[in-house]
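# Survey of secondary and tertiary structure
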Amino acid sequence: SSVSLKIPRILSWLYCDFNFHVEHHLFPSTPSKYYALVSRELQKLAGDRYSFPGFFQAWKEVLGSPFLRPESEPIKASLAGAINPNLAEAESKPAE
């Protein structure tokens with residue numbers, strides 16, 4: 001998944017507007033100078049479904065993700081097997 005980040009305009013400019021990540025993926029041929037406008041329109045159209053967190057809020061969400069906790073390893077392994085069965089088979093074979 002992708003997320004766009006709310007950061008100060010000067011930082012957005014320094015990052016070449018890459019903080020507008022969702023907008024870039026939805027409209028890849030749009031010049032980056034229009035991403036803020038696209039973002040405002042997405043917020044109007046999608047409402048709560050369009051998340052536009054600040055930098056620290058985004059990191060808080062990432063670091064709070066259950067997939068970063070040790071107890072999630074069995075879930076990750078089963079997801080990896082569902083995505084790529086060959087990967088699950090290779091991991092279950094003992095090393096030679």
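For the structure, check the block above.
Residues numbered from 1 in each chain as written. Predicted model: local features only at pLDDT ≥ 70, side-chain atom pairs only at ≥ 80, totals over all residues. Heavy atoms only, no water.

### Some words on the environment of Phe 18
- Mapped onto the elements, Phe 18 comes out in the loop between α1 (9-14) and α2 (21-26).
- Judged by relative accessible area, which is 49%, Phe 18 ranks as partly exposed. (Helix = DSSP H or I, 4+ residues; strand = E, 2+ residues; numbered from the N terminus. Buried < 20%, exposed > 50% of the residue type's maximum accessible area, 1.4 Å probe, protein only.)

### A closer look at unusual backbone geometry
- Of note, Cys 16 is a non-glycine position whose phi angle comes to about 55°, a positive value.
- Considering the arrangement of structural elements, one finds Cys 16 in the loop between α1 and α2.

### Digging into the nonpolar core
- Core analysis: the largest hydrophobic core is formed by seven residues, namely Phe 20, Val 22, Tyr 35, Val 38, Leu 42, Tyr 50 and Phe 52.
- Per element, the largest residue contribution to this core is three residues, and it comes from helix α3 (residues 35-46). (Core = buried A, V, L, I, M, F, W, Y, C linked by side-chain atoms within 4.5 Å.)

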